[in-house]
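Here are the chains, one letter per residue:
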Amino acid sequence: MAKNKGNGSTPKGGAVASSSKRVAIVAGLRTPFAKQSSAYKNLSAQDLARIVVKELVERSEIDPRVIDLCVYGQVIPSVHAPNIAREVVLGTGLPMSIDAFSVSRACATSFQALSSAAESILTGQNQVAIVGGADSSSDVPITVSQKLSHALLDLSKAKTLQQKLKIAARLSVRDLAPVPPAIKEATTGESMGESAEKMARAFGIGREAQDAFAHRSHSLASEAWKNGVFADEVMHVLPGPDFSKAITEDNLVRHDSQLVSYAKLKPAFDRRHGTVTAGNSSPLTDGASALLVMSEERAKELGYTPLGYLRSWAYAAIDPGDLLLMGPAYASPKALDRAGLTLADMTLVDIHEAFAAQVLCNLQAMGSKKFAQEKLGRSEALGEVDDAKLNVHGGSVALGHPFAATGARMVHTVLRELRRRGGGFGLATACAAGGLGAAMVLEVDR
Amino acid sequence: MNETSTQTTTNEPQTVTYVLRPDGVALITLDAPGSSVNTIGEAFGRELEAAFETIAADDTVVAAVIVSAKKDFVVGADIDLISSMASPADARDKSKQLATALHGLRRKPTVAAVHGQALGGGFELALACSAIVASDDPRTAVGFPEVQLGLLPGANGLLRAADRVGLAGALDLGLTGRNVRAKKAKSMGLIDDVCPEAVLLEVAAQRAKRLAEPGKKAPKKALSTKLERLALEKNPVGRALLFKKARSEAMKKSRGNYPAIEHILSVLETYGAKGWDAAAELEAQRFGELVFTPASRALVSIFRGQTALKKDSGGTSRDPLPVERLALVGGGLMGAGIAFTSIGQGIDVRIKDRDDAGVGRGLAHVRKLLDQRVKRKRLSRFDAAKRWGFVSGSSDYTGFARTDVVIEAVFEDLELKQRVLAEVEAVTKPSAIFASNTSSLPIARIAEHAKRPDRVVGMHYFSPVEKMPLLEVVRTEHTADEVVATAVALGKKQGKTVIVVNDGVGFYTTRILAPYLNEAAHLLAEGVAIEVIDDALMAWGWPVGPMQLIDEVGIDVGAHVGEITEQAFGERMRPPPAMAKVLADDRKGRKNGRGFYLYEKGKRQGVDTSIYPLVGVTPDTELEVQEIQLRASLAFVNEALRAFGDGIVCSPRDGDIGAVFGLGFPPFRGGPFRYVDAEGAGKVLARLKAYEQRFGARFTPAPILEEYAAQGRKFYPEG
């Protein structure tokens with residue numbers, strides 16, 4: 001496949017949108033994010049996805065006939081509709097001719113949706129795509145035990161009563177209990193919180209630093225809401241069945257955040273010696289986000305002024321049994337190299353906040369020469385991130401984290417903030433379960 | 001394939017032809033030449049009879065299947081045939097002829113393979129076969145709509161239906177005229193099998209062959225059905241009870257205005273008591289009589305008008321523009337109702353309201369209508385979800401840029417509507433159409449400051465939109481032809497019967513309703529009891545009484561519209577002063593539970609007698625029922641004639657359809673114009689003049705009525 005060549009400083013084999021052909025992000029939108037089982041308790045991920053995509057199409061005033069791809073994702077799987085991207089197309093009155101596939105990359109799912117669409121656009125396979133992700137932690141698939149599941153399958157094949165009774169006799173009462181999904185690493189059995197604890201210990205990140213970072217996140221998010229920063233990024237949602245109460249803002253942001261109150265919380269994962277609390281972690285959240293992307297030429301043809309462009313991206317994968325959530329420290333240098341830029345060139349840096357501890361660990365690693373040499377095989381550290389550039393409107397700790405929706409939220413916020421600042425480059429990066437990391441370099445023309 | 005093709009004698013193109021399949025099944029195809037549907041016309045019975053003569057005589061034919069080459073099976077009798085019948089005796093004989101032709105169908109086992117609608121005579125044809133197999137297509141349905149034309153099924157269809165589903169079942173079909181979908185028909189026992197259309201022919205053929213095997217009889221009925229019928233229908237006492245109940249229920253609704261109802265009852269009653277021959281004889285006799293009743297003539301006239309309007313593109317020769325996106329400003333019951341009727345047609349709908357709460361109310365109403373239909377099994381869960389995907393809402397004008405048509409349904413206030421128009425013009429493309437759903441304000445006034453007055457039109461829907469069949473499209477002198485054509489096409493897509501009228505205060509429908517409601521108020525002010533007024537007018541054939549109607553519409557809304565019409569037309573539209581007192585007493589009708597009637601938990605109770613002291617009367621004035629009926633109804637008819645004379649409504653046809661479908665003018669009277677024709681212009685004129693003498697200018701006859709009476713003209717000169 002003919003990929004556009006990058007400029008001179010681009011290493012070989014990298015994913016980079018060259019200046020001759022760029023992927024434009026034309027519009028974006030998200031629902032307000034809501035605490036698990038709160039405002040959206042009656043909505044599934046599919047419902048949220050449909051709501052946000054429908055509204056994105058309406059607001060962008062795009063002729064749906066020019067859209068030819070939808071890449072969408074959810075992290076908590078749906079038993080009813082495994083290909084959520086297709087359901088989004090079919091459930092929003094969009095032309096059925098729009099191709100659609102779903103992606104999954106844990107907390108970096110909508111990064112993946114965006115980069116998959118970008119690849120497709122850059123190789124000329126598609127022109128205009130809707131990408132994004134949605135999750136509902138209020139609507140999780142509760143399954144049955146493996147023994148019960150096997151028995152039910154056998155029962156459906158059994159013919160005689162005797163056969164049926166025999167199968168039923170195999171089951172004990174315990175096998176009948178429903179099984180909720182676990183947020184544990186499938187290979188290590190370690191929960192995310194435990195991983196965060198492990199990382200905090202390894203990097204020596206204390207409770208105070210974590211609490212201070214959480215307070216920072218809430219304070220910045222609150223300020224952003226008050227200043228109307230999110231007004232064009234976040235739609236109003238009228239949840240059924242009565243449609244009477246409009247959800248207009250994220251409901252997890254603490255508008256009266258006090259540093260002292262974080263200290264009062266008990267550690268959530270290691271009750272005795274731990275430092276990770278509910279206050280300095282991202283909460284279980286319901287929400288959805290979406291972006292409208294196309295090639296730069298197509299945007300021009302259609303008369304759009306893009307919010308900005310995707311300049312490069314990279315993914316990284318590490319041993320999940322080691323330090324699970326270090327993805328950003330691995331993926332960011334790759335993406336920056338591909339963009340031919342350095343951390344210092346960035347006007348903004350946005351790091352997904354799974355845990356305050358995880359952000360602080362990654363920042364430390366980025367600034368560490370030792371880490372660069374030992375883990376990345378680079379002679380110099382990536383660099384220190386200036387606090388004034390980092391997560392300037394808060395992050396997942398305050399806004400919430402509907403897993404698949406977070407990436408598109410970050411990309412959208414960074415682009416709009418870059419525009420406010422008169423253009424420049426921004427880095428958006430996230431860790432993901434399985435030891436994965438994602439990073440994207442975004443640009444807004446000055 | 002070695003197929004024998006047999007055509008009956010002549011070389012003229014025929015509706016009925018058949019081929020003989022190698023397995024001995026004669027495949028009879030119904031395909032009326034030069035028509036999109038099969039109807040039962042003059043030649044149909046003859047052709048069918050001829051075909052079956054040959055089939056019966058041909059030993060190589062084992063069995064037969066009847067199928068249609070059109071998208072429907074047979075949609076009923078040809079209306080022209082009915083209108084051409086010379087006398088009741090002629091109609092009776094024609095009915096008998098068809099019955100005889102159908103009777104010959106079972107000489108060889110014959111199966112009807114029904115895809116699409118099999119209605120009236122078409123259903124009778126299917127019932128005359130040995131068995132009926134239908135496709136599972138959602139469009140496939142059977143039924144006897146004859147009653148809606150003031151007729152009864154004249155080819156033994158009711159009797160055969162009774163054989164299948166009992167007297168009570170046949171009564172229900174005959175009296176309601178409702179369509180029964182394939183699946184339901186199968187479960188009722190009205191048809192024998194349901195299958196996908198792709199295999200319909202083969203399933204029918206196999207069934208026909210099985211029936212031809214020696215010793216095969218029709219399958220037995222379930223025991224429970226048998227027992228029930230035994231208890232109710234097979235003994236004289238049970239039967240008397242059944243018919244007494246059916247008769248009283250039917251009378252309650254029809255008030256004796258629809259003779260077909262009584263005849264359907266007596267034909268089936270005779271069938272139960274005296275058997276086939278007596279019932280068939282009575283049926284033909286009664287059919288002949290019914291064709292010549294004024295009620296049937298009027299109903300047929302409405303049917304013709306409706307059919308003609310389906311083909312009419314609004315009196316313009318321009319093609320309608322495609323409507324893919326529709327926006328509604330105002331998410332009230334009207335806006336949401338319009339949204340609901342559009343999303344089923346794949347039209348993307350945006351509901352804009354002042355705030356989130358307004359948008360939410362609109363969305364909630366659309367959702368409620370969808371859920372209701374899912375609950376009643378009118379819509380599958382999946383179809384409902386798909387439709388739901390076509391609607392969205394917003395409190396700003398986002399999403400309007402690509403919109404083809406914007407319909408405003410905001411409060412009836414000129415300045416507000418003008419402001420909405422200006423806002424919409426600012427955000428829509430130049431070709432976008434702005435339609436106002438005003439019920440009274442002239443469109444030209446709303447368009448006064450429009451930048452593109454040629455894109456402005458009125459689309460007057462009736463509440464509740466999802467139920468009411470009429471759309472009144474209002475054009476101004478500036479409205480472009482393609483805009484009118486587009487509004488008409490959109491209305492038809494939404495399932496409406498559309499009339500196009502010229503602009504003016506209250507257009508056609510609101511204008512003619514106002515004097516009717518006013519006259520009812522005058523009667524009340526004279527001390528006539530509310531229930532007496534309502535009952536008299538319902539007996540005349542109105543679906544609800546005028547006082548109840550005001551409660552439904554809203555006393556405040558009525559008064560507001562009344563002001564607008566009074567301003568425009570002066571004295572004859574002036575309500576009695578008593579109405580101001582009713583309004584001042586915070587009575588808004590059903591919506592605030594305070595009106596002419598009492599309401600409890602939204603349900604209408606008896607008359608609210610506290611209204612009488614408020615109005616300052618005691619409800620003891622006794623008037624002849626006919627005076628109550630005619631004063632109110634003639635006020636309506638007279639204004640309809642005025643609107644025609646003023647060029648608001650373009651034809652008596654449109655005037656009649658508008659009055660019947662939009663306002664509930666008694667259908668069996670055919671509409672105000674048909675009514676004047678039937679009564680005689682001179683007689684109506686004399687009556688109005690008498691009322692004018694007693695009550696003043698509000699009864700001054702329409703100039704056109706004077707004219708028609710003087711010249712002895714009719715609004716429907718062709719009859």
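For the structure, see preceding data.
Quick notes on the rules
- Residues numbered from 1 in each chain as written.
- Chains lettered and ligands numbered in written order.
- Predicted model: local features only at pLDDT ≥ 70, side-chain atom pairs only at ≥ 80, totals over all residues.
- Heavy atoms only, no water.
- Helix = DSSP H or I, 4+ residues; strand = E, 2+ residues; numbered from the N terminus.
- Rg over C-alpha atoms; globule rule 2.2 N^0.38 Å.
- Buried < 20%, exposed > 50% of the residue type's maximum accessible area, 1.4 Å probe, protein only.
- Contact = heavy atoms within 4.5 Å.
- Areas by Shrake-Rupley, 256 points an atom, 1.4 Å probe, with all protein chains shown as cover.
- Pairing = 2+ DSSP bridges.
- Right-handed = clockwise from strand over helix to strand, strands pointing away.
- Axes fitted to C-alpha atoms, helices over the stretch in contact; angles between N-to-C directions.
- Buried area = accessible area lost by both parts, 1.4 Å probe.
- Salt bridge = Lys/Arg side-chain N within 4 Å of Asp/Glu carboxyl O.
- Polar contact = N/O pair within 3.5 Å; in protein donor to acceptor, adjacent residues only side chain to side chain.
- Nonpolar A, V, L, I, M, F, W, Y, C, P; charged D, E, K, R; others polar.
- Patch = residues over 30% accessible without salt bridge, like charges linked within 9 Å, V, L, I, M, F, W, Y side chains within 5 Å.
- Lys, Arg positive; Asp, Glu negative; His and termini not counted.
- Charge placed at Lys NZ, Arg CZ, Asp CG, Glu CD.
- Phe/Tyr/Trp six-rings, centres within 6.5 Å; stacked < 30°, edge-to-face > 60°.
- Core = buried A, V, L, I, M, F, W, Y, C linked by side-chain atoms within 4.5 Å.
- 1 Å grid on protein atoms, 1.4 Å probe; cavity = no way out; pocket = protein on both sides within 12 Å on 5 of 7 lines; lining within 4 Å.
- Points joined across faces, edges and corners; volume = space filled by probe spheres on them.

### Focus on the overall build of chain A
Working step 1: Helix and strand content of chain A: 14 helices and 13 strands.
Working step 2: In terms of C-alpha radius of gyration, chain A reaches 22 Å, essentially the compact-globule figure of 22 Å for 446 residues.
Working step 3: Overall, the C-alpha framework of chain A stretches about 75 × 55 × 50 Å when taken along its three principal axes.
Working step 4: Out of the 446 residues belonging to chain A, those deemed buried represent 59%.

### Let's talk about the overall build of chain B
Working step 1: Helix and strand content of chain B: 29 helices and 20 strands.
Working step 2: Scored against the burial criterion, the 719 residues of chain B give a buried share of 56%.
Working step 3: A separation of at least 24 residues holds for 73% of the contacts in chain B among residues at least 6 apart in sequence.
Working step 4: When the accessible surface of chain B is summed, it comes to about 30,300 Å², and 53% of that surface belongs to carbon and sulfur atoms.

### Details of the pairing of strand S18 (residues 497-502) of chain B
Along a regular strand, successive side chains alternate from one face of the sheet to the other.
All names here are of chain B.
Working step 1: Taking burial as the measure, the six residues of S18 include five buried ones, the bulk of the element.
Working step 2: Two strands pair when backbone bridges link them, and strand S17 (residues 470-475) and S18 are joined in this way by six bridges, in the parallel orientation. Looking at the pairing, arginine 475 lines up with asparagine 502 of S18.
Working step 3: Viewed along the sheet, the connection from S17 through helix H18 (residues 481-493) into S18 turns out right-handed.

### As for the sheet that holds strand S9 (residues 179-181) of chain B
Residue and element names in this part refer to chain B.
Working step 1: One open sheet holds the three strands; their spatial order is S6-S8-S9, and the pairing between them is mixed. Here the strands that pair on one side only, and so sit at the sheet edges, are strand S6 (117-119) and S9. Geometrically, the sheet is characterised by an average inter-axis angle of 20 degrees between neighbouring strands, direction not taken into account.
Working step 2: Pairing of strand S8 (residues 141-143) with S9, which is carried by three bridges, proceeds in the antiparallel orientation. Among the inter-strand pairings, glycine 143 is bridged to a residue of S9, identified as asparagine 179.
Working step 3: The sheet contacts of helix H4 (residues 121-128) involve S6 and S8, and relative to S6 the element is tilted by about 95 degrees.

### Here's the deal with the interface of chain A and chain B
Working step 1: Taken together, the 19 residues of chain A in the interface contact 23 residues of chain B.
Working step 2: Carbon and sulfur atoms make up 50% of the surface buried where chain A meets chain B, a total of about 1,600 Å² over both sides.
Working step 3: Contact with chain B buries surface across chain A, with Glu58, Glu61 and Phe243 of chain A losing the most and accounting together for 37% of the total.
Working step 4: At the boundary of chain A with chain B, the tally comes to six salt bridges.
Working step 5: Among the salt bridges present, the one from aspartate 63 of chain A reaches arginine 402 of chain B, with a minimum N-O distance of 4.0 Å.
Working step 6: Where chain A touches chain B, the interface holds 12 residue pairs in polar contact (both at pLDDT 80 or more).
Working step 7: Residues belonging to the side of chain A that touches chain B are distributed by class as follows: six nonpolar, five polar and eight charged.

### With respect to the pairing of strand S7 (residues 131-135) of chain B
Residues and elements named next belong to chain B.
Working step 1: For S7, the tally of buried residues reaches five of five residues, placing the bulk of the element in the interior.
Working step 2: In S7, alternate side chains face the same way, and those of Ala131, Val133 and Ser135 on one face and Ile132 and Ala134 on the other are all buried.
Working step 3: Note that strand S5 (residues 110-114) and S7 share four bridges and pair parallel. Counted as the bridge partner of alanine 112 is isoleucine 132 from S7.
Working step 4: Strand direction decides the pairing type here: S7 and strand S10 (residues 193-195), joined by three bridges, are parallel. Across the sheet, residue serine 135 finds its bridge partner in S10, namely cysteine 195.

### Quick word on unusual backbone geometry
Working step 1: Between glycine 240 of chain A and the following residue, proline 241 of chain A, the backbone shows a cis peptide bond with an omega angle of 5 degrees.
Working step 2: Summarising the element assignment, proline 241 of chain A is placed in the loop between helix H7 (207-226) and helix H8 (259-263).
Working step 3: The omega angle of the peptide bond from serine 463 of chain B to proline 464 of chain B is -5 degrees, so this bond is cis rather than trans.
Working step 4: Secondary-structure assignment places proline 464 of chain B in the loop between strand S16 (456-461) and S17.
Working step 5: You will see that glutamate 61 of chain A, though not glycine, has its phi angle at about 55 degrees, which is positive.
Working step 6: The residue glutamate 61 of chain A is located in the loop between helix H1 (45-60) and strand S4 (69-73) in this model.
Working step 7: Even without glycine at this site, phenylalanine 243 of chain A takes up a positive phi of about 55 degrees.
Working step 8: With respect to the helices, strands and loops of the structure, phenylalanine 243 of chain A is situated in the loop between H7 and H8.

### Quick notes on the pattern of salt bridges
Working step 1: The tally for this structure, following the rule as stated, stands at 72 salt bridges over all chains.
Working step 2: Linked by salt bridges that have partners in common, Lys54, Glu55, Glu58 and Arg59 of chain A together with Arg325, Asp348 and Arg350 of chain B make up one network.

### Let's talk about the sheet that holds strand S14 (residues 405-408) of chain B
Residues and elements named next belong to chain B.
Working step 1: Ordered by their spatial adjacency, eight strands build an open sheet running S13-S12-S11-S14-S15-S16-S17-S18, and the pairing between neighbours is mixed. This sheet does not close on itself; its edge strands, each paired only once, are strand S13 (391-394) and S18. Each neighbouring strand pair of the sheet contributes to a mean axis angle of 25 degrees, computed without reference to strand direction.
Working step 2: Note that strand S15 (residues 433-436) and S16 share three bridges and pair parallel. Bridge pairing in S16 places phenylalanine 434 opposite valine 456.

### Some thoughts on a positive patch on the surface
Working step 1: Together, Arg181, Lys375, Arg376, Arg378 and Lys467 of chain B make up a region of like positive charge exposed at the surface.
Working step 2: Mapped onto the elements, arginine 181 of chain B comes out in strand S9.

### Regarding the packing of aromatic side chains
All names here are of chain B.
Working step 1: This structure, assessed with the given rule, holds 23 aromatic pairs over all chains.
Working step 2: Judged by centre distance (4.3 Å) and plane angle (25 degrees), the rings of tyrosine 516 and tryptophan 542 are stacked. Of the two residues, tyrosine 516 is situated in helix H19 (residues 509-525) and tryptophan 542 in the loop between helix H20 (530-540) and helix H21 (546-553); the sequence distance between them amounts to 26 residues. Grouping residues by exposure puts tyrosine 516 and tryptophan 542 together as buried.

### Comments concerning the nonpolar core
Residues and elements named next belong to chain B.
Working step 1: Ranked by internal contacts, the top residues of the largest apolar core, which has 94 residues, are Tyr508 and Phe596.
Working step 2: Per-element tally for this core: the top contributor is helix H25 (residues 625-645), with 11 residues.
Working step 3: Leu30, Ala99, Phe144 and Val291 belong to the second-largest nonpolar core, a separate cluster that totals 76 residues.

### Some points on empty space enclosed by the protein
All names here are of chain B.
Working step 1: Applying the stated criterion across every chain, the model contains seven cavities of 30 Å³ or more.
Working step 2: Put simply, the largest cavity is a space of about 60 Å³.
Working step 3: Surrounding the largest cavity, Val406, Val424, Glu425, Thr428, Lys429, Ala432, Ile433, Phe434, Arg452, Arg455 and Val456 form its lining.
Working step 4: Sorting the residues of the lining of the largest cavity by element identifies helix H16 (414-427) and S15 as the ones contributing at least two each.
Working step 5: Looking at the lining of the largest cavity, its residues break down into six nonpolar, one polar and four charged.

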